[in-house]
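Examination of the molecular architecture
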Amino acid sequence: MAFLYNAWYVAAFSKEVTAQSPFSRMLLDRPVVLYRDGSGAAVALDDRCPHRFAPLSRGRVVDGALECPYHGLRFASTGKCIFNPHGDGRIPSAAGVRRYPTRERYGAIWIWPGNPELADAVPLREFGFLEPEQYFTGEGYLLTGANYQLSADNLLDLSHFQYLHPNTLGSDTLARGTLQSSDDGEKVWVCRQASAELLQPFVAQGFGVSPGKRADRELHVRWEPPGLLTVMVRVRETDAPPETTRVGMSAHWLTPETESSTHYFFALGLPREMGEEGRTLVQSSVEGLMAPFRDEDLPMLEAQQRAIGTRDFWAMAPVMLSIDAGAIRSRRIMERLIASDGAAFDTDLSGVLRGVAGRPDREVGP
Amino acid sequence: MAFLYNAWYVAAFSKEVTAQSPFSRMLLDRPVVLYRDGSGAAVALDDRCPHRFAPLSRGRVVDGALECPYHGLRFASTGKCIFNPHGDGRIPSAAGVRRYPTRERYGAIWIWPGNPELADAVPLREFGFLEPEQYFTGEGYLLTGANYQLSADNLLDLSHFQYLHPNTLGSDTLARGTLQSSDDGEKVWVCRQASAELLQPFVAQGFGVSPGKRADRELHVRWEPPGLLTVMVRVRETDAPPETTRVGMSAHWLTPETESSTHYFFALGLPREMGEEGRTLVQSSVEGLMAPFRDEDLPMLEAQQRAIGTRDFWAMAPVMLSIDAGAIRSRRIMERLIASDGAAFDTDLSGVLRGVAGRPDREVGP
Amino acid sequence: MAFLYNAWYVAAFSKEVTAQSPFSRMLLDRPVVLYRDGSGAAVALDDRCPHRFAPLSRGRVVDGALECPYHGLRFASTGKCIFNPHGDGRIPSAAGVRRYPTRERYGAIWIWPGNPELADAVPLREFGFLEPEQYFTGEGYLLTGANYQLSADNLLDLSHFQYLHPNTLGSDTLARGTLQSSDDGEKVWVCRQASAELLQPFVAQGFGVSPGKRADRELHVRWEPPGLLTVMVRVRETDAPPETTRVGMSAHWLTPETESSTHYFFALGLPREMGEEGRTLVQSSVEGLMAPFRDEDLPMLEAQQRAIGTRDFWAMAPVMLSIDAGAIRSRRIMERLIASDGAAFDTDLSGVLRGVAGRPDREVGP
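None of the values given here were measured: they were computed from a predicted structure.

Each helix and strand in chain A was counted, giving 8 helices and 18 strands. Each of the three principal axes of chain A carries a C-alpha extent, and together these read 85 × 50 × 35 Å. Going through the 366 residues of chain A one by one, you find that 49% of them count as buried. Contacts in chain A between residues at least 24 apart in sequence constitute 59% of all its contacts with a sequence separation of at least 6.

Structure (structure tokens):
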């Protein structure tokens, strides 16, 4: 299986990356170091010194440059080596590390692992409900030992609520609710609706449904490549007027660590106009949702991955149900995008630099 | 190396499998789920939902059917999917899991991993001394990180008692005793005899030999494919009349977990006519024997496996001694049986179901 | 990557090997058992019984022979099987284990993994400062999860002191000092010199430099195949007369455990004529040096190994700096020696014994 390289991925939450301590994360099977330069801008470089392959993330930031912890070479935020403390200080022409285009928005740092020349023209996906000016936001993170597409399948088919999360998110009514999916060749939408549902207390409370009252719930899931999902939940007490509907929005960003593990970034936003109640609700919702994600979804995803092993998903001949329509749409779109991702350049560092192999730099001596 | 598929293997002790909690065990490299249906009969199915490969053993038993923990498909004890809670409830024709023939006897649940049509005609091996009506029985289990044939070698050559178990089972006299082996092309017998042996206290006590008295001991080992051994120990004080001989019978059932790990099931039986002494002796014997099995045999078997790694046993060019005759007989029989085991069907789930790969069921759709 | 087999390697410190308890160590990817025979001479044999591959190191030494812990075969210090306790006691001609030539000197047991006929003619390398008659010696050991050549690179380029060991061994002055390297096609010398250096307290104290005083420091490193390094440190206070120079000598012996792990033996010697101060200084120096080796070098070497994985070092296209000259010289010499190491015999036990595979010894039988 291949990755889609020419795309924006979430590399980290903004708060994870500082100007002081370089931060290391494996992304799409490559070690990446993240830090902030003098202006506070996020920098993403290969986390591997080209000299002796030391992890640069164990070094320190000196005047906005990253210093290798082994022999002190320094790299600018462009990836170029700008200081060699040894000998006559000459800097070999091959001494540089790959720099990845980055952007910062929605409380996250985004990285472009593909051809850097293509990055500028591609906008980020929209997650307006995470703009901190207008919204209270909360965040959660899980490292999942399963392919990112299994996580996308999970989110694109919320019929599992009743089976995997019966005590927090599910209900028998929801499991039997109506289901629709569609796509425009690039995005996928799935909508699940249930009427007169008896919600679990955690959900009822979050959406202001009185104890014992029945409610109508809609779950709208939007998937965008390479693994960026938005879930909109709309809830109102059954027979209450439409204007009493309360809406919850969450983002679910999936970034492959390797082919069989995924960084799962979860973020939730509520309008600041809700005041203190919104601020509190964001926090309790993140905590309440992370529990089933961590204790129920994650073990299931990892069990699926173990069952699949290194095999191709389709070679396992999965039985298809109506509930899989959204997930299959997204898998087909990803397969098409990966097949046409020819512009992705060689992903192996050694390939990029192989030109100089066997030709020791002139600086070597005596 | 291949397994022998058309054969009865022990999957579990009877007490391990209940009607409430599905039980998961890897057998011959395949995940199997065991539970009991409404009638109490043991059921063995592939522990992998054909929809998204969730382990069914994490689900629950509902009206004698097994419910998938992820999306709620239910499977009858035949392996057939009988309930789809989603959409119009139609059940795709490919929605089923492999069901393994099972039998229950001698305190164990037996499974037939090969062609199910051949199972009925093949009787279980005889272990009459484990019939609970006439015998007190006791059981022990160890998961051993070594190929099952190394465990069979170990049991077919009890000359190791003196070296590996000098303080519990061995004696110098036994090591020098006489040894005979034979086979009929399908079973192997090994007999080791020692005269006027000074037994270790644990053995002397178990067979009623007075402290300090010498005894004659016979160890009869019977091996049957695929790895079912019976050990009969006969002991009497030297020069005592034959009718004072006491006999201990034990079963040693080896079921491959993988090519390099083995489920070792140990069971022991004493006639109920012995009364309370028999009941107590069974228990103390199991405890007394499991200690050297776990602390001395298991580490040795695992060290052998590490030394062999993924290589073929014969490619290691083992030096042959007279004591190996029984083990070699059993290895030769297994090699012949495996070679003629053509009727074993494809052991890979994906192969079985590949017919439907790439052909999404009609049920799929928005 | 291949190993150089026809060479003397350190297998263990002398104190690690006794006449009572066989000692097991993986050397150049082979399990080796070390013990002392009746005369106290060190014996090195393959740690694998040719009968059923039990680790002989778990057996016991009986009359200077090593007894297999599984079935009691005994092996003389020549590797020849001299006792079979079973049946008629005949010893199969193939029953022997490989014996490795050994020597004992400088507080270490040396082993020759290559063609034994070539061993006698090859002298050990010289480490005169570890002769216990004239020197107080101290020793340290680390198992490092990295290829031995990465450790050699580390020692041949002490410019890393300032970056990896800033608080114990390094200084900015040393990093900027002069550097020279040379080789004679078989040994490599690297010399790093610094003047008017402000030493870290640990170094200053060890070499008798008064607090606050500046000093001139020379670091002479000698590398000999296959991975035997001598470090001579010469220090005197700046402008003090030459005869006040104090000298510290240490040995750094690298023996591959596998291609990606290394036994690192460290030894230090100071002249006995220094009296009690020398004895104390040896001990405190070993402790003081092992701390940065273990806490700073080892994690870096292991991070390098993880970055390289199973790839060839040169295929990674490392950027070359002036400081790498010594390391590259040693790598080139090793590559030449390994290429001409044709006399190394087959390193796979099964290959050596394959002659008898499939031909069960006549002793086999009921």
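Residues and elements named next belong to chain B. Between helix α2 (residues 148-156) and helix α7 (residues 325-339), the shortest axis-to-axis distance is 8 Å and the interhelical angle comes to 145 degrees. Considering only the axes of α2 and α7, their crossing is right-handed. Facing Q149, A152, D153 and L156 of α2, the residues of α7 in contact are G326, A327, S330, R331 and M334. Among the residues forming the contact of α2 with α7, the class breakdown is 4 nonpolar, 3 polar and 2 charged.

What follows is about the packing of helix α2 (residues 148-156) of chain A against helix α6 (residues 276-308) of chain A. All names here are of chain A. At a minimum axis separation of 10 Å, α2 and α6 run at an interaxial angle of 130 degrees. Compared by their axis directions, α2 and α6 come out oblique. Crossing geometry of α2 relative to α6 is assigned as right-handed. Contact residues: α2 offers L150, S151 and N154, while α6 offers D297, L301, Q304 and Q305. Grouping the amino acids of the contact of α2 with α6 by side-chain chemistry returns 2 nonpolar, 4 polar and 1 charged.

Here we come to the sheet that holds strand β7 (residues 74-75) of chain B. Residue and element names in this part refer to chain B. Pairing is antiparallel across the open sheet formed by 4 strands, whose spatial order is β5-β6-β7-β8. The open sheet terminates on both sides in strands that have one partner only, identified here as β5 (60-62) and β8 (81-83). Across 2 bridges, strand β6 (residues 65-67) lies against β7 in antiparallel orientation. Each residue of the ladder has a partner; that of E67, found in β7, is R74.

The two copies are related by a screw operation: chain B maps onto chain A through 120 degrees of rotation and 0.0 Å of translation along the axis, at an RMSD of 0.0 Å. In symmetry terms, the pair is related by a three-fold rotation axis. Across chain B, the smallest distance between a C-alpha and the rotation axis is recorded for T310 of chain B, namely 11 Å.

Residue and element names in this part refer to chain B. Taking 1.5 Å of rise per residue, the 15 residues of α7 would be expected to cover 21 Å, and the 21 Å separating its terminal C-alpha atoms lies within 8% of that figure. Buried residues of α7: A325, G326, A327, I328, R329, S330, I333 and M334, and no others. Check the buried side of α7 and you find it contacts α2, β13 (178-183), β14 (188-197) and β15 (215-224).

This brings us to the interface of chain B and chain A. Bring the parts together and some accessible area is lost; that lost area is often taken as the interface size. Facing the 30 residues of chain B at the interface are 30 residues of chain A. Classifying every residue of the side of chain B that touches chain A by side-chain character gives 16 nonpolar, 9 polar and 5 charged.

Residues and elements named next belong to chain C. Along the polypeptide, W189 turns up in strand β14 (residues 188-197). The class of W189 is partly exposed, set by 17 C-beta atoms lying within 10 Å. Each C-alpha atom, one on W189 and one on L156, is 8.4 Å from the other, the two residues being 33 residues apart in sequence. Look past the residues within four positions of W189 in its chain and what remains in contact with it is S181, S182 and R222.

Turning our attention to the domain arrangement of chain A. Residue and element names in this part refer to chain A. Here chain A is partitioned into domain 1 (9-119) and domain 2 (128-339). One C-alpha centre belongs to domain 1, the other to domain 2, and the line joining them spans 33 Å. Listed per partner, the contact involves 11 residues of domain 1 and 13 residues of domain 2. With 4 residues, strand β1 (residues 9-13) is the largest single contributor of residues to the side of domain 1 that touches domain 2. When grouped by side-chain class, the residues that make up the side of domain 1 that touches domain 2 number 9 nonpolar, 1 polar and 1 charged.

Turning our attention to the sheet that holds strand β6 (residues 65-67) of chain A. The antiparallel open sheet is built from 4 strands, whose spatial order is β5-β6-β7-β8 (chain A). Unpaired on one side and paired on the other, β5 (60-62) and β8 (81-83) of chain A mark the two borders of the sheet.

Once that is clear, we can look at the pairing of strand β3 (residues 30-36) of chain A. The two faces of the sheet receive side chains in turn, since in a regular strand these alternate between them. Residue and element names in this part refer to chain A. Counting buried positions along β3 gives 6 out of 7 residues, so the element sits mostly inside the fold. Pairing between strand β2 (residues 23-27) and β3: 5 bridges, direction antiparallel. The partner of L27 across the bridge, within β3, is R30. Linking two consecutive strands that pair antiparallel, namely β2 and β3, is a turn of 2 residues; a positive phi of about 50 degrees is found at L28 within it. Sheet topology note: the β3/strand β4 (residues 42-46) ladder contains 5 bridges and is antiparallel. When the bridges of β4 are listed, V33 appears paired with L45.

In most cases, non-glycine residues show a negative phi, while peptide bonds are predominantly trans. Cis geometry marks the peptide bond from P225 of chain A to P226 of chain A; its omega dihedral reads -5 degrees. As for its placement among the helices and strands, P226 of chain A is situated in the loop between β15 (215-224) and β16 (228-237). Phi is positive for D63 of chain A, which is not a glycine, with a value near 50 degrees. Topologically, D63 of chain A is positioned in the loop between β5 and β6. Judged by the 11 C-beta atoms lying within 10 Å of it, D63 of chain A falls in the exposed class. Backbone geometry at A317 of chain B places phi at a positive 55 degrees, although glycine is not the residue there. The topology assignment puts A317 of chain B in the loop between α6 (276-308) and α7.

A word on helix α6 (residues 276-308) of chain C. Residue and element names in this part refer to chain C. Under the 1.5 Å per step criterion, the end-to-end length of α6 is 46 Å for 33 residues, consistent within 8% with the ideal 48 Å. D297 marks the point of greatest bend in α6, at about 35 degrees, and the proline P299 comes within the next four residues. One or two steps after α6, the chain reaches G309, where phi turns positive at roughly 65 degrees.

With that settled, the discussion passes to the pairing of strand β10 (residues 102-105) of chain A. All names here are of chain A. Pairing analysis gives 4 bridges linking β10 to strand β11 (residues 108-111), with the strands arranged antiparallel. What sits directly across from R105, in β11, is A108. From the end of β10 to the start of β11, which pair antiparallel, there are 2 residues, and Y106 there has a positive phi angle of about 60 degrees.

All right, on to the environment of F313 of chain B then. The residue F313 of chain B is located in the loop between α6 and α7 in this model. Taking the C-beta count within 10 Å as the criterion, F313 of chain B has 17 such neighbours and is therefore assigned partly exposed.

A few words now on the confidence of the model for chain A. When the pLDDT values of chain A are averaged, the result is 91; 93% of them are 70 or greater. Overall fold confidence for the complex sits at a pTM of 0.91, while the interface term, ipTM, reaches 0.90.

Bringing the environment of F266 of chain A into the picture now. All names here are of chain A. If you trace the backbone, F266 turns up in strand β18 (residues 261-271). When the C-alpha atoms of F266 and D216 are compared, they prove to be 25 Å apart, with 50 residues separating the residues in sequence. Residues contacting F266, with those up to four places away along its chain left out, are E139, G140, S250, H252 and F293.

Conventions adopted
- Residues numbered from 1 in each chain as written.
- Chains lettered and ligands numbered in written order.
- Predicted model: local features only at pLDDT ≥ 70, side-chain atom pairs only at ≥ 80, totals over all residues.
- Helix = DSSP H or I, 4+ residues; strand = E, 2+ residues; numbered from the N terminus.
- Buried ≥ 20, exposed ≤ 12 C-beta atoms within 10 Å, placed from the backbone.
- Contact = placed C-beta atoms within 7 Å.
- Axes fitted to C-alpha atoms, helices over the stretch in contact; angles between N-to-C directions.
- Left-handed = near helix turned anticlockwise from the far one by under 90°.
- Nonpolar A, V, L, I, M, F, W, Y, C, P; charged D, E, K, R; others polar.
- Parallel < 35°, antiparallel > 145°, perpendicular 65-115°, else oblique.
- Pairing = 2+ DSSP bridges.
- Least-squares fit on C-alpha atoms with pLDDT ≥ 70 in both.
- Expected span 1.5 Å × (residues − 1).
- Domains from an automatic or database assignment.
- Bend = angle between axes of the 7 residues up to and from the residue.
- pLDDT = per-residue confidence, 0-100.

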